Amino acid sequence: MITAEIVDKWMKLFYSKISEQKAYLSELDTPIGDGDHGNNMMRGMQGVEDSLDKLSNPDLKTILKTVAMALISKVGGAAGPLYGTAFLEMAKNCEKTQAPAELFKLALEGIKKRGGATTGDKTMIDVWAPAVAALETDSLSVEKIEAAAAGTKDLVAKKGRASYLGERSVGHLDPGAVSSQYLFESFIEAGGIE
Amino acid sequence: MITAEIVDKWMKLFYSKISEQKAYLSELDTPIGDGDHGNNMMRGMQGVEDSLDKLSNPDLKTILKTVAMALISKVGGAAGPLYGTAFLEMAKNCEKTQAPAELFKLALEGIKKRGGATTGDKTMIDVWAPAVAALETDSLSVEKIEAAAAGTKDLVAKKGRASYLGERSVGHLDPGAVSSQYLFESFIEAGGIE
Amino acid sequence: MKKIINSPGDVVPEMIDGLVRAYPQYVERIPGTEAVVRSNKSSMDGKVGIVSGGGSGHEPAHPGFVGKGMLSAAVAGQVFTSPTPDQIYEAIKAVNTGRGVFLVIKNYSGDVMNFDMASDMAELDDIPVKSIIVDDDIAVENSLYTQGRRGVAGTVLMHKLVGAAADQGASLEEIEELANKALPHISTIAVALSAATVPEVGKPGFELADDEIEYGVGIHSEPGYRREKIKTSHELAEELVSKIDRELKLDATHRYAILVNGMGATPLMEQYVFSHDLLDELATRKIKPAFMKVGNYMTSIDMAGISLTIFDLIDEKWLDYLNYPVETIAW
Amino acid sequence: MKKIINSPGDVVPEMIDGLVRAYPQYVERIPGTEAVVRSNKSSMDGKVGIVSGGGSGHEPAHPGFVGKGMLSAAVAGQVFTSPTPDQIYEAIKAVNTGRGVFLVIKNYSGDVMNFDMASDMAELDDIPVKSIIVDDDIAVENSLYTQGRRGVAGTVLMHKLVGAAADQGASLEEIEELANKALPHISTIAVALSAATVPEVGKPGFELADDEIEYGVGIHSEPGYRREKIKTSHELAEELVSKIDRELKLDATHRYAILVNGMGATPLMEQYVFSHDLLDELATRKIKPAFMKVGNYMTSIDMAGISLTIFDLIDEKWLDYLNYPVETIAW
Ligand SMILES: Nc1ncnc2c1ncn2[C@@H]1O[C@H](COP(=O)(O)OP(=O)(O)O)[C@@H](O)[C@H]1O
Ligand SMILES: Nc1ncnc2c1ncn2[C@@H]1O[C@H](COP(=O)(O)OP(=O)(O)O)[C@@H](O)[C@H]1O
Ligand SMILES: [Mg+2]
Ligand SMILES: [Mg+2]
Ligand SMILES: [Mg+2]
Ligand SMILES: [Mg+2]
């Protein structure tokens with residue numbers, strides 16, 4: 001059951017992971033991208049933090065929509081619309097269901113639709129898809145997420161900037177997959193699957 | 001007595017010294033100028049060589065004028081008009097006198113008039129003026145010329161690019177003084193004062 | 001990193017501020033955004049609005065091309081990062097005078113998605129929006145299964161084309177048709193001598209040895225297709241022209257427009273020397289350009305390098321559009 | 001040295017060739033020289049000719065400013081080396097239509113002497129020649145006993161001024177008077193982040209550490225007045241404005257024109273950020289420029305750095321001259 005409190009905790013944890021790993025994420029984005037993913041996510045999460053600070057006792061829909069709008073209007077690049085769309089989809093549907101498996105599944109569909117990528121394209125989807133599958137069987141764990149992110153190393157990028165490298169993208173982690181790893185880890189730490 | 005043969009020999013010797021010292025002259029021009037004096041002189045002496053090649057049995061006036069025009073149209077920068085003017089003055093006056101002391105004196109006056117500099121301004125004049133004085137007392141020697149060029153090291157530049165440095169020009173040889181040193185050395189080697 | 005900036009995080013707002021205050025006769029800032037719009041508002045009356053933009057770091061693109069006859073507004077994202085949809089949406093609203101708005105988007109996932117979201121927002125306001133996704137960089141092989149090719153310097157020629165058509169009263173549909181028709185005839189290829197340094201990153205996007213160059217790099221330090229020892233300008237011209245030739249099938253009976261584009265740190269001296277070799281290379285193919293520009297138009301911050309764009313002017317009108325007078329900072 | 005060139009010795013002729021072939025609508029080469037003249041010959045009829053030039057390496061200066069309303073011809077010497085009198089003389093002859101020729105010379109011994117010799121040659125042909133020696137660089141203390149100050153970016157504003165006056169039919173004497181009157185009101189000061197590399201030399205004219213800048217450098221790697229640790233754009237603006245203020249005595253009741261000039265390798269991003277700080281700095285003195293330009297106008301090959309020129313428009317007409325339309329590659 002996702003609640004407003006969990007989202008609030010989740011975002012705080014995610015923000016602190018992004019702060020810690022900002023340089024690392026940008027570094028991952030350098031050989032196969034344009035070196036800004038850490039900065040982009042940091043700017044976005046600062047925006048999320050600022051926006052959430054202004055809310056008092058928000059309901060689930062409000063908090064999810066606030067996160068979405070902050071990400072959409074602060075991140076830019078590829079990650080902004082994708083993460084933004086994910087939270088927007090959750091906000092849209094959270095009155096019907098609060099089950100993580102269902103909400104994350106809808107979010108993943110939003111990401112796929114927005115970016116036109118699919119599993120195996122070496123994007124954040126390669127963390128989101130296995131994470132959603134694990135949620136559906138109640139088996140999401142930090143290990144699974146880490147493994148999914150690590151698995152992007154062997155893939156050839158088909159979408160995003162890394163795709164310009166073709167075969168040469170092999171051997172590098174996808175930065176968006178790693179930031180998504182942090183997102184799911186934070187979700188678990190925030191008690192999202194208890 | 002300056003003759004056409006001496007000028008021809010002189011220019012060949014000067015050309016070969018410039019070729020050897022091209023990099024050194026540009027290097028001298030770097031801390032207190034714009035690093036091109038060697039290249040400028042090299043371009044000029046190539047032009048002189050090419051022009052002289054086209055003459056057959058020129059008289060003194062023709063050869064001096066040819067040198068002047070080649071320098072004027074090939075060197076550019078500050079050195080071109082100055083060396084060019086010097087040879088032009090010699091050409092203009094060589095029908096009246098062929099005495100080195102007199103011709104070089106007129107050349108020096110041309111340089112002073114063209115550039116507005118005087119002795120002690122840390123320019124080629126600081127080699128030309130003592131050289132002319134020595135010619136007048138029949139005492140020109142390689143040692144005197146070298147000493148004159150070396151003496152520019154202690155001077156503060158008042159004209160040319162080096163003057164922008166003011167006091168900071170002290171401690172550096174003047175590149176035009178050094179190329180003038182080669183000019184006079186070549187003249188001696190060519191038998192000009194025998 | 002040695003740059004004339006204050007805090008790396010403030011580069012974009014300060015740059016836009018400097019630009020609009022230096023050139024108030026051409027552009028002004030859309031309040032609350034990093035987007036600029038024409039100061040000459042009446043020049044937009046009754047015309048389709050043209051909006052472009054993208055990450056910053058490509059100056060003078062895109063704000064330098066805002067003005068009568070070219071762009072109506074330009075949106076600046078963070079350095080090398082697509083602008084956000086809310087800002088693009090503000091620009092769309094600011095230039096819509098009733099005949100709709102046309103978006104010129106460079107083909108990067110981020111740009112495409114953010115401009116898409118902005119179009120969705122504008123459609124809710126009943127503003128008709130159409131767009132072109134420019135993908136002129138032939139360094140990357142094209143494929144339906146990937147992101148496809150990048151949008152680079154050829155985008156500036158697209159701005160010029162649709163800007164001129166809009167100024168002459170073309171409808172949104174006509175502009176879309178023009179853009180779609182012209183796009184396949186614009187090809188660009190670049191060579192880099194050094195990479196760009198994003199202020200917030202603080203070091204170059206890639207390293208090239210003192211005697212190395214890389215063909216086919218993008219405008220965000222994206223890697224290219226080959227690394228080699230430094231070549232002469234003549235050999236570079238040969239390589240770049242032959243790459244484009246394979247794509248456009250250069251034909252002595254056609255008319256071509258040429259854009260030689262400096263990447264930011266490459267002086268005009270080198271750009272003109274390259275132009276000399278390029279024109280020789282084209283002359284061996286019996287081609288003499290009908291239109292040519294040389295300079296910094298779509299840069300990559302302080303990258304050293306050059307790109308060559310060739311535009312096959314198969315339609316008579318396109319040359320007129322390129323020559324059509326504009327009032328901008330940088331065209 | 002990594003540059004897009006062929007042989008270092010061929011840079012100038014190849015560059016001029018690339019330029020004239022890229023822009024035949026504006027300029028053409030004077031046969032047998034490295035000088036360019038307007039293609040639009042009729043624009044010179046009955047007008048005083050304006051000739052400028054100097055060493056190469058300052059592109060787009062000087063050929064980029066040749067065209068109706070600005071220069072009639074420009075002569076290019078070797079890199080950082082004054083052109084020779086014979087070439088200048090050819091340019092004078094090419095633009096003389098009977099009302100005489102005005103020379104805009106930057107104050108370097110070489111330029112002054114070579115242009116002088118060319119004037120002497122022209123006078124033998126009874127072509128009336130007058131000139132101005134621009135010495136706008138306030139980094140160097142002025143003195144009657146030295147070469148005096150250098151001519152730098154302010155020279156471009158002088159080109160604009162006398163070019164506009166000539167186009168409007170001013171006589172040689174009127175142009176000389178205008179130039180003499182304007183000169184003391186134009187001041188420039190620069191800051192360098194790195195030095196230029198002359199192709200034939202192959203290494204930078206001076207070395208600055210990774211965190212060092214130098215104030216007051218010239219456009220040929222001439223040393224400046226102070227070396228310091230890198231400063232913020234804001235602090236640079238403060239330093240440069242205060243230097244010029246000491247010279248021009250900035251006055252809120254005056255109107256000013258501003259030229260922010262990139263040295264060749266400094267991207268527009270930094271130039272616009274600097275402009276932002278500059279305009280703030282001027283605003284503290286209650287000054288809002290009446291005219292401003294930002295870009296690469298008088299470069300120093302691939303030097304990184306910026307110069308600031310302030311022009312005190314004490315005469316009403318000068319602003320009109322600056323705004324007067326021109327047909328050039330680079331103004
Ligand atoms: N079309 C897409 N679908 C899904 N994810 C994508 C897509 N394009 C990019 N990404 C993700 O976005 C990440 C890059 O984000 P970021 O660096 O912030 O944006 P940009 O590439 O615009 O600089 C990639 O690592 C990848 O995971
Ligand atoms: N006004 C002058 N009078 C005499 N000699 C001068 C003057 N100006 C410069 N020089 C000489 O010219 C030399 C520099 O020549 P060069 O480097 O070829 O020209 P530039 O300074 O134009 O690059 C100086 O070393 C100096 O000896
Ligand atoms: Mg990125
Ligand atoms: Mg010199
Ligand atoms: Mg990015
Ligand atoms: Mg020189």
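All figures in this text were calculated on a predicted structure; none of them were measured in a lab. (Residues numbered from 1 in each chain as written. Chains lettered and ligands numbered in written order. Predicted model: local features only at pLDDT ≥ 70, side-chain atom pairs only at ≥ 80, totals over all residues. Heavy atoms only, no water.)

Caption draft 1: Geometry of the coordination of the magnesium ion (ligand 6). Looking at the metal site, the magnesium ion (ligand 6) is ligated by B:Asp34 (OD), B:Asp36 (OD) and D:Phe80 (O), spaced 2.1 to 2.4 Å from it. In this model, the magnesium ion (ligand 6) sits 3.5 Å from the magnesium ion (ligand 4), the two metals being bridged by B:Asp34. (Donors = N, O, S within 2.8 Å, 3.2 Å for Na, K, Ca; no water.)

Caption draft 2: Spatial organisation of the UniProt feature "domain: DhaL" (unreviewed entry) in chain A. In the numbering adopted here, UniProt assigns the feature "domain: DhaL" (unreviewed entry) to residues 5-189 of chain A. Between the end C-alpha atoms of residues 5-189 of chain A the distance is 13 Å, and the span holds 69% helix and 0% strand. (UniProt positions renumbered as here; feature names shortened; annotations may be inferred. Helix = DSSP H or I, 4+ residues; strand = E, 2+ residues; numbered from the N terminus.)

Caption draft 3: Molecular detail of the site of ligand 2. Residues and elements named next belong to chain B. Around ligand 2, a shell composed of 21 residues is seen, among which Asp 34, His 37, Asn 40, Asp 174 and Gly 176 lie nearest. At 2.9 Å, a side-chain N or O of His 37 approaches an oxygen atom of ligand 2. Asn 40 places a polar side-chain atom, nitrogen or oxygen, 2.8 Å from an oxygen atom of ligand 2. Compared with its free state, where it exposes 560 Å², ligand 2 has 97% of that area covered by protein. (Near = heavy atom within 4 Å. Polar contact = N/O pair within 3.5 Å; in protein donor to acceptor, adjacent residues only side chain to side chain. Areas by Shrake-Rupley, 256 points an atom, 1.4 Å probe, with all protein chains shown as cover.)

Caption draft 4: Just the site of ligand 1, in detail. With respect to spatial proximity, 21 residues lie near ligand 1, and among them A:Asp34, A:His37, A:Asn40, A:Asp174 and A:Gly176 are the closest. More than a single chain frames ligand 1: its nearby residues are located in chains A and C. One of the side-chain N or O atoms of A:Asp36 is found 2.9 Å from an oxygen atom in ligand 1. In this structure, an oxygen atom belonging to ligand 1 sits 2.9 Å away from a main-chain N or O atom of A:Gly176. Its free accessible area being 560 Å², ligand 1 has 97% of it covered by the protein chains. Of all the secondary-structure elements, those providing two or more residues to the shell around ligand 1 are helix 2 (37-53), helix 4 (79-93) and helix 8 (175-189) of chain A. Residue classes in the shell around ligand 1 are distributed as 7 nonpolar, 8 polar and 6 charged. (Nonpolar A, V, L, I, M, F, W, Y, C, P; charged D, E, K, R; others polar.)

Caption draft 5: Molecular detail of the interface of chain C and chain A. The interface of chain C with chain A comprises 33 residues on the first partner and 29 residues on the second. Here A:Arg161 and C:Glu222 are joined by a salt bridge, their closest N and O atoms 3.2 Å apart. Seen at the junction of chain C and chain A, the total is 10 residue pairs in polar contact (both at pLDDT 80 or more). Those elements that place two or more of their residues in the side of chain C that touches chain A are strand 4 (73-79), helix 2 (85-95) and helix 3 (109-124) of chain C. It is helix 3 of chain C that provides the largest number of residues to the side of chain C that touches chain A, a total of 7 residues. Across the side of chain C that touches chain A, the residue classes tally to 12 nonpolar, 14 polar and 7 charged. (Contact = heavy atoms within 4.5 Å. Salt bridge = Lys/Arg side-chain N within 4 Å of Asp/Glu carboxyl O.)

Caption draft 6: Focus on the pattern of salt bridges. Residues and elements named next belong to chain B. What the rule picks out here adds up to 58 salt bridges over all chains. Close ionic contact of Lys 12 with Asp 8 constitutes a salt bridge, the shortest N to O distance being 3.1 Å. Pair noted here: Lys 12 and Asp 8 are both in helix 1 (residues 4-32), with a separation of 4 residues, about one helical turn. By relative accessible area, Lys 12 is classed as partly exposed at 44%. The exposure class assigned to Asp 8 is partly exposed, which follows from its relative accessible area of 27%. (Buried < 20%, exposed > 50% of the residue type's maximum accessible area, 1.4 Å probe, protein only.)

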